[in-house]
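Descriptive structure summary
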Amino acid sequence: MWGYVMLFGLLIGVCYWIIHPLLQDDARQNSFTPQPTDILKELQNKKDAAYAAIKELEFDLSMGKLADEDFQILKRQYTQEAVGYMQEMDKLESSQAAFSKPVDTVAEEEKEQGVKVTRNPESAERKLIFCTSCGEESAVESRFCAACGSNLHKHHKNYLQEEN
Amino acid sequence: MTAIGYYSIFIALFLSVFCALALIIGIKNRRAEVIASAENAAMAAFVFLSLSVAAMIYALVTRNFQIEYVARYTSRSLSLLYTLAAFYAGQEGSLLFWSWILSIFTAVVIFQNKNKNRELMPYVLLVLTTVIFFFTFLMIVATNPFKTFNFIPNDGQGLNPLLQNPGMIFHPPALLIGYVGFTVPFAFALAALITGKLDSTWIKTTRKWTLTAWAFLTAGNLLGMEWAYVELGWGGYWAWDPVENASFMPWILATAYLHSVMIQEKRDMLKVWNMVLIIFTFLMTIFGTFITRSGLIASVHSFGESTLGWFFLFFLLLALIVSLSLLIFRLPHLKSKNQLDSLLSRESSFLINNLLFVGIAFTVLWGTLFPIISEAVRGIKITVGPPFYNAAVTPIGLTLLFLTGLCPIIAWRKTTLKNFGRKLLLPLIASGLAAAGLYLYGLRSVYALITFTFCIFVAINLFMEFFTGTRTRHAVFGENYPKAFWKLLIKNKRRYGGHIVHFGVVLIFMAFAGSVFNVAKQVSLKTGESFKIKNYTLRFDALSNYPTATRQKVVATLTVLNDEHQVGIVSPEKSLYSGQNQPTTDVAIRTTIKEDLYVILAGYEKDLATFKVLVNPLVAWIWIGGGIMIFGTIVIVWPQRRKRV
C-alpha cells in the first residue's frame, strides 16, 4: 500500500517537474538556439585547439618527424583557422557590446576616437603591448596575441592603468 | 514491489512517448520551453527505470519466487553475489538493465549539454528516447521481467552452473555498457545529419563517450575470453561462436571509427566514412542482440528461440533505413575540402587501417550469416568454423599490427622518403635481427615468426616514440627525464595514451602467436602413476568425492613437478549441481608468465581417472595486454586539468 502511495507521490512530483518549464518564463526560454556566451566559449575552445595543434606541430618538428616545409604549411593553416575564430569572437563581442550600450554613448565614443586620431595620428600606431606568454608585440587594441593566441585583454587593462 | 516494478516500466514507456512528441512539437515550432519539458521527461524516465531496477533487485534478494524471472534464475542456496548477477542473467533482466543504462546515459548527456550543442540536443534526445521507447515497449508487450506465477514455488531453479563464475559478475555488464554506450555517438551523428551541422563538433562532443564505450566493449570481450578459458574446459579462449562474433564486430568497427575520426578532426576528411562507421557500429550492437534473442543461429550463448528477435530485426531495419536515408540526403554536404596529399602520410595509413578493419568486420559478418545464407540458397545449413575465420582474419590482423608500428613514424599530410627511411632504419634492423635470432633458436612456424617479428618492430617504434619525445622535451624545455616523460604523457594524452593501447595490442598478438606451440595430451592414470608433458611431470595422487551445500564434487589431486622439482598441486574437478543432469567441469590452471598448465578431469572411475592436459604458452599476456589497453584508454579520457584564470 505504502509503495503505491510513494509511486503516486513520485508521479505527481514528476508531472509537476515536466510541466514546470511550460509555465515558466525564464532564461531557458531562449536556450533552443545557442546563447552568445556559449558560442564565445565554443569559439574559444576551437581557437585553443588550433593553437594546441600548432604546439603539437612544433614538437613534431623538433622530434624530426615533420619536414620544415610541411611544418610551415600546416602552421599557416592552423594559424589562419585560429585567426578566423578570433575574428568571429571579436565580431560577436563587439555586437554584444553595441547591443548593450545606448546608441548615444556609442556615437559619442566614435566621435571621441575620431578627434583623438585627428589630433595625433601617430598615437594609435605607437601604442604597443607585449604578450606575457610569448613576448610577441601587438597593437594595444588587439584582444589576442597573433603568435600564441593568448588573451591580451588583461595586459590591455594593465597598460591603460600604467598610462593613466 | 512487483507491481511497482512493472508500473515503473510502464510509466517510463509513457514518458519516452511524451518526450518524443514534445521534442517533435518543440522542434517544429521552435519552442524552447517544450524542449526543456521533454528533457525533464527523459530525466524522469531514468528515475522510474531506476525504481524498476530497485524493485527487481529487491525481488531477487528477498527470493520472491512468485516472479517467474526470480524463480528461473535464482534459488535459496545461491550466493548473494550471483543472486545480484542474476539480474542480467536472463533475457528480461538484461533488457531492463539495457534500458536503465541507456536512461542513465541519456540523463548524463542532457546534463552535460545544458549549455552547449543546443541545436543538436533536441535531435540527440529524440534518437535516445526512441531507443528507450523500443526497450521499454519490448518489456511491456513481449517480455515482462515482473511476470508472476499464480502460485509461489518453494525454491527457484537456480543460476546455470556455467554462469556461476566471477566472469558473470563483470563480463555481461561490461559488454552491455559497451553496447549501450555507442547509442550516444550514434544519436549525435544522426542529429548532425538532420541539422546539417556536419563539422567535427559532434565527433569532438562524443569522443569520450565513444572511447569509454570502446573500453567497456574491450573489457567485456576480454573478460568473456577469460571466462570461456577457465570455465568451458576446452583449452581455448575464442571459438568464433556467432555471439562472440556479434560482440567482436561492433568492437572492430568502433576501433576503425576511433582512428578515422582523427582524420576528420585534423584534415576535415572522411566525413561520410565516419558517419557510415558509427551508424554500422550501432547497428551491429542491435544485430548482436538480434542474434542472441532470435534463436536464428545456434550459439552457446543463445537465450533460446523467441519472438523477441523479430522485434530487434524490425528495429534494426528501421534504424538502417532512417540513418542511411539521412546520410544519402546529406551526401552533397559531406564532401571533404581537403584531399590526400601523399600516399606516405598518416592519413593514408589510417585509411588503409580502416579498410582492413572493415575487411575483418565483413569477413566475420559473412561467416556468421553463412549458415542462414546457405540454408536460404541450398537448403542446407552449413556452419563456418574457426579454420575459415583464422585463415581470413589472421593475414589482415597481421597487416594491421605492422601498420600499428608504421603509423607513429609517418607524419600528417606527407612524409619525405628520406625522413621515413631514417626513422624506419633502427626498428627494421632490430626486428630483422630478432627474426633471425628466433629462426636460429628453432622457431619454424611462419605465422609465429612473422607475428613475433612484427611485435618487436611495433614495440621498438612505440618505445622510440616515448624515448625521442622525452629526449626532445628534455632538450627544449630543460626538464629532467622523469618530468619530461610525465609531461610528454599528460600534454598529449591522446597520442601517448594511444601508444599505450597499442603496446597492449602487441602483447595480445604475441600471446596469440604462442598458441602455435600449444601441446595437448590425454591420459588415463591410476592413483600414484605419473606422466610427462613438455617439461612437466604430473603425478596423480588422489581422487575424492564429497558433497557440498550446492553440489556433489569429484576432485582429482595431481602434484606438478618441473624438472624433478615440485612446483605445485593442481586440482581439476567435476561437479553435479542439484537439479542439473549434466556434470560441469572445473579446470585447474597453473599460470606463469611463460605458459599455462591446463588440466581437465575428463572422466573417472574408482581410482582411475582420465585427464586432458594442455600446455598453453604466453596466455597470461592476453590478460596483461588487455589491462594495458584499458589503462591506455583511461589515460586518453582522463580529464584535462583546467588552467586557473
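Please read these numbers as outputs of a predicted model, since none were measured by experiment. Residue numbers restart at each chain and count upward from 1, following the sequence in its written direction. Both sets of labels track the order of writing: A upward for chains, 1 upward for ligands. In keeping with the model being predicted, local features are shown solely for residues with a pLDDT of at least 70 and side-chain atom pairs are shown and tallied solely at 80 or more, while totals for entire chains, interfaces and linings include all residues. The side-chain quantities take in all heavy atoms of the structure and omit both hydrogens and water.

As for the side chain of threonine 210 of chain B
All names here are of chain B. Relative to the assigned elements, threonine 210 resides in helix H9 (residues 201–231). The cut-offs for exposure are 20% and 50% of the maximum accessible area for each residue type, with area from a 1.4 Å probe on protein chains only; residues under the lower value are buried, those over the upper are exposed, and the others partly exposed. Classification of threonine 210 as buried rests on a relative accessible area of 2%. In protein, a polar contact means a hydrogen-donor-capable atom and an acceptor-capable atom, both N or O and within 3.5 Å, with residues adjacent in sequence counting only if both atoms are side-chain atoms; elsewhere, any N or O pair within 3.5 Å suffices. Within the local environment of threonine 210, its side chain forms a polar contact with the backbone oxygen of threonine 206, the two atoms lying 2.7 Å apart. By the convention used here, residues are in contact when the closest approach between their heavy atoms is within 4.5 Å. Discounting residues that sit within four places of it in the chain, threonine 210 has contacts with Phe182, Pro185, Tyr257 and Leu258. Runs of E in the DSSP output that reach at least two residues are strands. Runs of H or I that reach at least four are helices, and both are numbered from the N terminus.

So, a nonpolar patch on the surface
Residues and elements named next belong to chain B. A grouping of Val17, Leu21, Ile24, Ile25, Phe133, Phe137 and Val141 is seen on the molecular surface, where their side chains present a nonpolar patch of about 560 Å² in accessible area. Contributing elements (two or more residues each) for the nonpolar patch: helix H1 (2–29) and helix H6 (121–141). In terms of residues, the nonpolar patch owes the most to one element, H1, which gives four residues. Examined against the element boundaries, valine 17 turns out to sit in helix H1. Like-charged residues are merged into a patch within 9 Å and nonpolar side chains (Val, Leu, Ile, Met, Phe, Trp, Tyr) within 5 Å, provided each residue has over 30% relative accessible area and no salt bridge. To measure how exposed things are, a 1.4 Å probe is used in the Shrake-Rupley method; for residues, cover is taken only from the protein chains shown. A carboxyl oxygen of Asp or Glu within 4 Å of a side-chain nitrogen of Lys or Arg is what we treat as a salt bridge.

Some remarks on the interface of chain A and chain B
Contacts between the two partners involve 34 residues from chain A and, on the opposite side, 51 residues from chain B. For the pair chain A and chain B, the summed buried surface comes to about 3900 Å²; carbon and sulfur atoms form 60% of the total. Seen at the junction of chain A and chain B, the total is two salt bridges. In this structure, aspartate 60 of chain A and arginine 495 of chain B form a salt bridge, with 2.9 Å as the shortest nitrogen-oxygen distance. Taken together, the elements giving at least two residues each to the side of chain A that touches chain B come down to helix H1 (2–23), helix H2 (36–62) and helix H3 (68–100) of chain A. Ranked by the residues each element gives to the side of chain A that touches chain B, the list is headed by H1 of chain A, at 10 residues. Side-chain classes follow a simple rule in which Ala, Val, Leu, Ile, Met, Phe, Trp, Tyr, Cys and Pro form the nonpolar group, Asp, Glu, Lys and Arg form the charged group, and the remainder, Gly included, forms the polar group. Grouping the amino acids of the side of chain A that touches chain B by side-chain chemistry returns 18 nonpolar, seven polar and nine charged. Take the accessible area each of two parts loses on contact, using a 1.4 Å probe, and add the two losses: that sum is the buried area.

Observations concerning the packing of aromatic side chains
Residue and element names in this part refer to chain B. Stacked, edge-to-face and tilted labels apply to pairs of Phe, Tyr and Trp rings (six-membered ring for Trp) whose centres lie within 6.5 Å, assigned for plane angles under 30 degrees, over 60, and everything in between, in that order. Taken as a whole and assessed by the stated rule, the structure comprises 39 aromatic pairs over all chains. A centroid spacing of 5.0 Å and a plane angle of 45 degrees characterise the contact between tyrosine 229 and tyrosine 598, whose relative ring orientation is tilted. Here tyrosine 229, found in helix H9, pairs with tyrosine 598, found in strand E9 (residues 595–605); they are 369 residues apart in sequence, far enough to count as distant. Each member of the pair, tyrosine 229 as well as tyrosine 598, carries the same accessibility label: buried. Consider the rings of phenylalanine 540 and phenylalanine 611, whose centres lie 5.2 Å apart with planes at 75 degrees: the pair is edge-to-face. Here phenylalanine 611 lies in strand E10 (residues 608–617) and phenylalanine 540 lies in strand E3 (residues 536–547), a separation of 71 residues in the sequence. An identical accessibility class is assigned to phenylalanine 540 and phenylalanine 611; each is buried. In this structure an aromatic cluster arises from ring pairing among Trp214, Trp238, Trp240, Phe248, Trp251, Phe388 and Tyr389.

Re the packing of helix H5 (residues 91–112) of chain B against helix H7 (residues 166–181) of chain B
Residue and element names in this part refer to chain B. Here the axes come from fitting lines to C-alpha atoms, over the contacting stretch only for helices, and the angles between their N-to-C directions go from 0 to 180 degrees. Contact pair H5 / H7: the axes reach a minimum separation of 10 Å and the direction vectors enclose 50 degrees. Taken together, the axis directions place H5 and H7 in an arrangement best described as oblique. As for the relative orientation of H5 and H7, their crossing is right-handed in sense. Of the residues in H7, those in contact with Ser94, Phe97, Trp98, Ile101, Leu102 and Phe105 of H5 are Pro173, Leu176, Ile177, Tyr179, Val180 and Gly181. Here the contact of H5 with H7 is composed, by residue class, of 10 nonpolar, two polar and no charged. For classification purposes, angles smaller than 35 degrees are called roughly parallel, those larger than 145 roughly antiparallel, those between 65 and 115 roughly perpendicular, and all remaining angles oblique. Should the near helix be turned counterclockwise from the far one by less than a right angle, the crossing is left-handed, whereas a clockwise turn marks it as right-handed.

Brief notes about helix H16 (residues 446–477) of chain B
When the terminal C-alpha atoms of H16 of chain B are compared, their 46 Å separation across 32 residues agrees well with the 46 Å that a helix rising 1.5 Å per residue should span. At the C-terminal side of H16 of chain B, glycine 478 of chain B shows a positive phi close to 70 degrees. Any helix carries an expected span of 1.5 Å times its number of residues minus one.

A short note on the sheet that holds E10 of chain B
All names here are of chain B. Paired strands, in this sense, are two strands between which DSSP finds at least two bridges. Strand order in the open sheet made by the four strands is E1-E10-E9-E8, with antiparallel pairing throughout. Of all strands in the sheet, those with a lone pairing partner are strand E1 (519–526) and strand E8 (588–591), marking the two edges. In this sheet, adjacent strand axes meet at a mean angle of 20 degrees when their direction is disregarded. Pairing between E1 and E10: eight bridges, direction antiparallel. The residue of E10 that forms the bridge with glutamine 522 is lysine 612.

Section: the pattern of salt bridges
Here the idea is simple: oppositely charged side chains can pair when their charged atoms come close. All chains considered together, the criterion is met by 16 salt bridges over all chains. Arginine 495 of chain B is the salt-bridge partner of glutamate 56 of chain A, the closest N and O atoms lying 3.2 Å from each other. Of the two residues, glutamate 56 of chain A is situated in helix H2 and arginine 495 of chain B in helix H18 (residues 493–514); the pairing between them involves two chains. Using a relative accessible area of 22% as the deciding quantity, one classes glutamate 56 of chain A as partly exposed. A salt bridge links glutamate 573 of chain B to lysine 553 of chain B, with the nearest nitrogen and oxygen atoms 3.7 Å apart. With a gap of 20 residues between them, glutamate 573 of chain B in strand E6 (residues 573–577) and lysine 553 of chain B in strand E4 (residues 551–562) connect regions that are remote in the sequence. Here glutamate 573 of chain B matches lysine 553 of chain B in class, with each residue buried. Via salt bridges that share partners, Glu68, Arg72, Glu92 and Lys147 of chain B belong to a single interconnected network.

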